[in-house]
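For reference, the chains in residue letters:
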Amino acid sequence: MDNRAEVSAFLKSRRDKITPEQAGVPVYGQRRVPGLRRGEVAMLAGVSVEYYTRLERGNLGGVSDSVLDALAQALRLDETEREHLYDLARAANASPARVRRRPKKTTVRPSVLRIVEGLHDQPAYVRNNRMDILAANPLARALHCQAFEHEPVNPCRFVFLDPRAPLFYRDWERVARDGVGVLRVEVAKNPYDRELHNLIGELSTRSDAFRTLWGAHDVHVYTEGTKRFRHPVVGDLELVHESLDLPGDAGLSITVYNADPGTPAADALQLLASWAATRNQAGAAARSDTEH
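Please read all numbers here as calculations on a predicted model, not as lab measurements. (Residues numbered from 1 in each chain as written. Predicted model: local features only at pLDDT ≥ 70, side-chain atom pairs only at ≥ 80, totals over all residues. Heavy atoms only, no water.)

Participant: Just checking my understanding: could you explain the overall build of the chain for this structure?
Facilitator: Secondary structure assignment for the chain yields 15 helices and 5 strands. Per-residue burial for the chain yields a buried fraction of 45% across its 292 residues. If you take every contact in the chain between residues at least 6 apart in sequence, the share linking residues at least 24 apart comes to 56%. Surface accessibility of the chain: about 15,700 Å² in total, with carbon and sulfur atoms responsible for 51%. Between the centroid of the 40 positive side chains of the chain and the centroid of its 39 negative side chains there is a distance of 6 Å. (Helix = DSSP H or I, 4+ residues; strand = E, 2+ residues; numbered from the N terminus. Buried < 20%, exposed > 50% of the residue type's maximum accessible area, 1.4 Å probe, protein only. Contact = heavy atoms within 4.5 Å. Areas by Shrake-Rupley, 256 points an atom, 1.4 Å probe, with all protein chains shown as cover. Lys, Arg positive; Asp, Glu negative; His and termini not counted. Charge placed at Lys NZ, Arg CZ, Asp CG, Glu CD.)

Following this line, the structure appears as structure tokens:
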């Protein structure tokens with residue numbers, strides 16, 4: 001899979017976002033482009049117009065780190081965007097035999113499962129690079145109970161395809177934008193991941209909102225932040241989340257939500273834990289009756 005179209009669209013989208021005033025470029029006459037011209041980016045990056053034109057046409061073959069750094073500086077890329085540019089360059093310069101290898105089936109190690117299950121008072125789950133939730137503790141299942149009605153459990157599918165999502169996520173627009181940004185980063189890292197491309201194709205076909213955000217070519221990585229929920233059982237709660245990559249498990253990360261003690265969110269989590277326990281007991285009783 002050639003990533004030239006991806007490279008071209010990303011560079012052009014970043015160029016369009018920078019005004020001449022922001023870049024310190026003199027403005028003469030009427031301009032036909034929303035941001036910088038190609039020649040202006042080339043000047044700022046210290047390369048020829050012909051060479052930058054080649055890059056923006058998607059050809060990153062053989063490009064040096066120094067040129068990538070100069071380009072990132074000229075386009076005022078943030079750290080996530082800079083790393084995304086490097087990922088695109090690595091994919092463009094990788095041998096087909098390496099990038100087209102069949103991806104390993106991702107499984108969650110028992111020790112990681114024990115960590116997730118051991119967090120009784122904090123929602124926690126493990127996800128892969130496609131945002132599929134592979135393991136979750138009861139409190140995470142209770143928090144995302146609507147998303148867990150679908151298989152495979154994927155927050156991005158829930159955000160864009162379930163009509164309840166805009167009510168559940170009180171900052172739905174930000175959550176949607178960030179989710180698309182995460183998938184955009186993963187496409188650059190794993191250009192031959194068929195399941196990832198299938199997910200993007202499905203969302204692009206079924207959701208106008210996803211298709212619009214995907215066309216913006218913005219990138220995002222999950223590390224930490226705050227999310228505001230409107231849960232169907234416990235109501236409004238605001239939780240802090242931390243996401244950490246799992247060493248030795250390529251593409252897997254663990255996400256944990258928590259609330260400061262004594263806050264309304266902490267009280268809501270306790271109520272949610274009680275509701276989850278009651279629901280699990282009812283489910284176990286129903287299964288027992290069925291077996292007998």
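Alright, that's what it looks like, and here's the rest.
Participant: How should the nonpolar core be read in this particular structure?
Facilitator: Soluble, globular proteins show a tendency: their nonpolar side chains are buried together. Grouped together as the largest cluster of nonpolar side chains are 42 residues, with contacts concentrated most on Phe160, Tyr169, Leu183, Phe210, Phe229, Leu237 and Leu239. With 7 residues, helix 12 (residues 172-189) is the largest single contributor of residues to this core. Discounting chain neighbours no more than four positions away, the residues touching Phe229 are Leu143, His144, Phe168, Tyr169, Arg170, Gly235, Asp236, Leu237, Leu239 and Tyr257. Counting 26 residues, the second largest nonpolar core, distinct from the first, contains Ala23, Leu36, Val63 and Ala72. (Core = buried A, V, L, I, M, F, W, Y, C linked by side-chain atoms within 4.5 Å.)

Participant: Please clarify how the pattern of salt bridges should be interpreted in this entry.
Facilitator: Note that side chains of opposite charge can pair when their charged atoms are close. All told, the structure shown has 25 salt bridges when counted by the stated rule. Taking the shortest distance from any N to any O, the salt bridge between Arg174 and Asp178 comes out at 3.9 Å. Taken together, the residues span about one helical turn, with Arg174 and Asp178 both in helix 12 at a distance of 4 residues. On the accessibility criterion, Arg174 (28% relative accessible area) is partly exposed. Given the relative accessible area of 12%, Asp178 is considered buried. (Salt bridge = Lys/Arg side-chain N within 4 Å of Asp/Glu carboxyl O.)

Participant: So what exactly am I meant to see when it comes to the packing of aromatic side chains here?
Facilitator: Geometrically, a pair of aromatic rings is defined through the distance of the ring centres and the angle of the planes. Tallied over the entire structure, the rule returns 10 aromatic pairs. Residues Tyr125 and Tyr257 carry aromatic rings whose centres are separated by 6.4 Å and whose planes lie at 45° to one another, so their mutual orientation is tilted. Placement of the pair is Tyr125 in strand 1 (residues 124-127) and Tyr257 in strand 5 (residues 253-258), with a sequence separation of 132 residues. One exposure class covers both Tyr125 and Tyr257, and it is buried. (Phe/Tyr/Trp six-rings, centres within 6.5 Å; stacked < 30°, edge-to-face > 60°.)

Participant: Would you mind going over helix 6 (residues 79-93) with me for this structure?
Facilitator: Residues lying three or four places apart along an α-helix face the same way, a consequence of the helix completing one turn every 3.6 residues. In this model, helix 6 (15 residues) spans 21 Å end to end at C-alpha, consistent with the 21 Å of a helix rising 1.5 Å per residue. What helix 6 keeps buried is the set Glu81, His84, Leu85, Tyr86, Asp87, Leu88, Ala89 and Ala91. Buried residues along helix 6 sit in contact with helix 1 (4-17), helix 5 (65-74) and helix 12. With a side-chain oxygen positioned 3.1 Å from the backbone nitrogen of Thr80, the residue opening helix 6 is Asp78. (Expected span 1.5 Å × (residues − 1). Polar contact = N/O pair within 3.5 Å; in protein donor to acceptor, adjacent residues only side chain to side chain.)

Participant: So what exactly am I meant to see when it comes to the packing of helix 3 (residues 38-45) against helix 5 here?
Facilitator: Any two packed helices are characterised by the angle at which their axes cross and by the distance between the axes. Orientation of helix 3 relative to helix 5, taken along the N-to-C sense of each, is 120°, at an axis distance of 8 Å. The angle between helix 3 and helix 5 falls in the class oblique. Of the two elements, helix 3 crosses helix 5, and the hand of that crossing is right-handed. Here helix 3 contributes Val41, Leu44 and Ala45 to the contact with helix 5, which in turn contributes Ala70, Leu71 and Ala74. Across the contact of helix 3 with helix 5, the residue classes break down as 6 nonpolar, no polar and no charged. (Axes fitted to C-alpha atoms, helices over the stretch in contact; angles between N-to-C directions. Parallel < 35°, antiparallel > 145°, perpendicular 65-115°, else oblique. Left-handed = near helix turned anticlockwise from the far one by under 90°. Nonpolar A, V, L, I, M, F, W, Y, C, P; charged D, E, K, R; others polar.)

Participant: What exactly am I supposed to notice about the pairing of strand 5 here?
Facilitator: Side chains on a regular strand alternate between the two faces of the sheet. With 5 of 6 residues buried, strand 5 is to be regarded as a mostly interior element. Here strand 1 runs beside strand 5; their pairing, made up of 4 bridges, is antiparallel. Note on strand 5: the bridge partner recorded for Arg127 is Ser253. As paired elements, strand 4 (residues 235-245) and strand 5 share 6 bridges and run antiparallel to each other. Counterpart to Ser243 in the pairing with strand 5 is Thr255. (Pairing = 2+ DSSP bridges.)

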